[in-house]
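Per-entry structural report
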Amino acid sequence: MTGSMPPDPSSEAPRPANAPGSAGAVAVSAFASVLTAPNPGPMTLDGTNSYVLRFPGWESCVVVDPGPDHEGHLRALAAEGPVELVLVTHWHRDHTGGIDRLVELTGAPVRAALPEYCRGADPLFDGEVVHAAGLEARVVAAPGHTADSLCFFLPEDGPRGAVLTGDTVLGRGTTSLGYPDGTLADFFATLDRLEEFGAAPGLSAHGPLVPDLSATVRSYRAHRLERLDQVRAALATLGGTGTGEPPVSAVADLVYAGIEASKRPAVEHGVAAQLHYLLGSGELPGPGGKPTG
């Protein structure tokens, strides 16, 4: 940590939304405020949530996910500063597009799992404890949505701590799997890991706060298992896979009938991830009709 010993967080209230110097940030926990980028859409919900973290009363802050390259949003984040450090949950452009402009505005180093998204600092690694802005953030590898996805656990933020979940757990709906970058086997393992945080709140990169992370994780797991059953049923209806690659489009037509066109690419990535999972578990024949696993 830098600076003097931080005050007791129990004696400090979160900075209220639109307080002087807050640049419109909305407090969502004792340590975190959120600024939502103006990039709403079917996959981003209300927009990308950029989080501003600081121990109560601390001058500098940490920004988690700069968001897209939107000048107004990035200037609002910079106004929350001084920005001591920028952390990135994963590589998608709605999270990383603004990295270089935010560095220009703040001079802050940027750390991510992938070195190509770091600026002036080393990549993050699983289990690392980051000290900045008077607080502690523990790095949790969370592959599934993407291979490089990270979550950040703030153990002192409230009685149960708080977890910044990136796109791994959303504030509304369920997340997509960017197969082949993200796999369902990895996602299931990540859900198991996140469930260990119990009823800690989740601070998602899209949508509102998740009040009970473990409950949402259990619903995510149940949803994915239900989808796998639907994929199995679709394959039975289609008469199996024969040899070679399973029919992603045909399975998607049956499992996701009526899905809006804007979500179709994400749906097909998800079906491909489900088929890959079944192939790896030995439920589907591999090339030449031979079982795998």
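Reading guide: rules and limits
- Residues numbered from 1 in each chain as written.
- Predicted model: local features only at pLDDT ≥ 70, side-chain atom pairs only at ≥ 80, totals over all residues.
- Heavy atoms only, no water.
- Helix = DSSP H or I, 4+ residues; strand = E, 2+ residues; numbered from the N terminus.
- Buried < 20%, exposed > 50% of the residue type's maximum accessible area, 1.4 Å probe, protein only.
- Contact = heavy atoms within 4.5 Å.
- Arc of directions from axis to C-beta.
- Polar contact = N/O pair within 3.5 Å; in protein donor to acceptor, adjacent residues only side chain to side chain.
- Salt bridge = Lys/Arg side-chain N within 4 Å of Asp/Glu carboxyl O.
- Pairing = 2+ DSSP bridges.
- Axes fitted to C-alpha atoms, helices over the stretch in contact; angles between N-to-C directions.
- Parallel < 35°, antiparallel > 145°, perpendicular 65-115°, else oblique.
- Nonpolar A, V, L, I, M, F, W, Y, C, P; charged D, E, K, R; others polar.
- Core = buried A, V, L, I, M, F, W, Y, C linked by side-chain atoms within 4.5 Å.
- pLDDT = per-residue confidence, 0-100.

Moving on, we come to the overall build of the protein chain. Each helix and strand in the protein chain was counted, giving 7 helices and 11 strands. Split into buried and exposed, the 293 residues of the protein chain put 48% on the buried side. Taking contacts inside the protein chain between residues at least 6 apart in sequence as the whole, the part at least 24 apart equals 55%.

Moving on to helix H1 (residues 71-79). An α-helical turn contains 3.6 residues, so any two residues separated by three or four positions project in the same direction. Those residues of H1 not exposed but buried are His73, Leu74, Ala76 and Leu77. Angular distribution of buried residues about the axis of H1 spans 155°; they occupy a single face of the element. Its buried side turned inward, H1 meets strand S2 (32-36), strand S3 (49-53), strand S4 (61-64), strand S5 (83-87) and helix H3 (99-106).

The next thing to look at is the side chain of Ser29. Secondary-structure assignment places Ser29 in the loop between strand S1 (26-27) and S2. Looking at Ser29, the relative accessible area reads 13%, which means it is buried. Among the polar contacts made by the side chain of Ser29, one reaches the side chain of Asp157 at a distance of 2.6 Å.

So, about the side chain of Thr175. Position of Thr175 among the secondary structure elements: in the loop between strand S10 (162-166) and helix H4 (184-195). For Thr175, a relative accessible area of 5% puts it in the buried group. Within the structure, the side chain of Thr175 is placed 2.5 Å from the backbone oxygen of Asp167, a separation counted as a polar contact.

Attention now goes to the pattern of salt bridges. Considering all chains together, one arrives at 17 salt bridges under this definition. With a closest N to O distance of 2.7 Å, Asp229 and Arg232 form a salt bridge. Of this pair, Asp229 and Arg232 both sit in helix H5 (residues 213-238), 3 residues apart, which is roughly one turn of the helix. The partly exposed category is assigned to Arg232, whose relative accessible area is 31%.

This next bit is on the pairing of S5. Within S5, 4 of the 5 residues are buried, which leaves it mostly tucked inside the rest of the structure. The pairing of S4 with S5 spans 4 bridges and is classified as parallel. Along S5, the bridge assignment pairs Val62 with Leu85. Judged from the 2 bridges that link them, S5 and strand S6 (residues 110-111) form a sheet pairing that is parallel.

Each pair of packed helices can be summarised by the angle the axes make with each other and by the distance between the axes. Orientation of helix H6 (residues 248-255) relative to helix H7 (residues 264-280), taken along the N-to-C sense of each, is 110°, at an axis distance of 9 Å. Taken together, H6 and H7 sit at an angle that is classed as roughly perpendicular. Packed against H6, whose contacting residues are Val248, Ser249, Val251, Ala252 and Asp253, the element H7 presents Arg264, Val267, Glu268, Val271, Ala272 and Leu275 at the interface. A breakdown of the residues in the contact of H6 with H7 according to their chemical character gives 7 nonpolar, 1 polar and 3 charged.

Tracing the sequence through the fold places Val267 in helix H7. With residues up to four places along the chain from it excluded, the contact list for Val267 reads Ala252, Tyr256 and Ile259.

This part is about the nonpolar core. Counting 35 residues, the largest nonpolar core has Val169, Val231, Leu235, Val251, Val271 and Leu275 as its most contacted members. Those elements that provide at least two residues to this core are strand S9 (150-154), H4, H5, H6 and H7. Counting residues per element, this core draws most heavily on H5, at 7 residues. Core analysis: the second largest hydrophobic core is formed by 24 residues, Phe31, Val130, Leu135 and Val139 among them.

Attention now goes to the packing of H4 against H7. Where H4 meets H7, the closest approach of the two axes is 8 Å, and the angle between their N-to-C directions is 90°. Taken together, the axis directions place H4 and H7 in an arrangement best described as roughly perpendicular. Contacts between H4 and H7 involve Leu184, Ala185 and Phe188 from the former and Ala273, Gln274 and Tyr277 from the latter. Broken down by class, the residue content of the contact of H4 with H7 amounts to 5 nonpolar, 1 polar and no charged.

Per-chain confidence: the protein chain averages 88 in pLDDT, with 87% of residues scoring 70 or above. Below pLDDT 50 for its whole length, residues 1-23 participates in 44 contacts with residues either more than four positions away or in separate chains. Long-range and interchain partners of residues 288-293, a stretch whose pLDDT sits below 50, account for 14 contacts in this model, where long-range means more than four residues apart.

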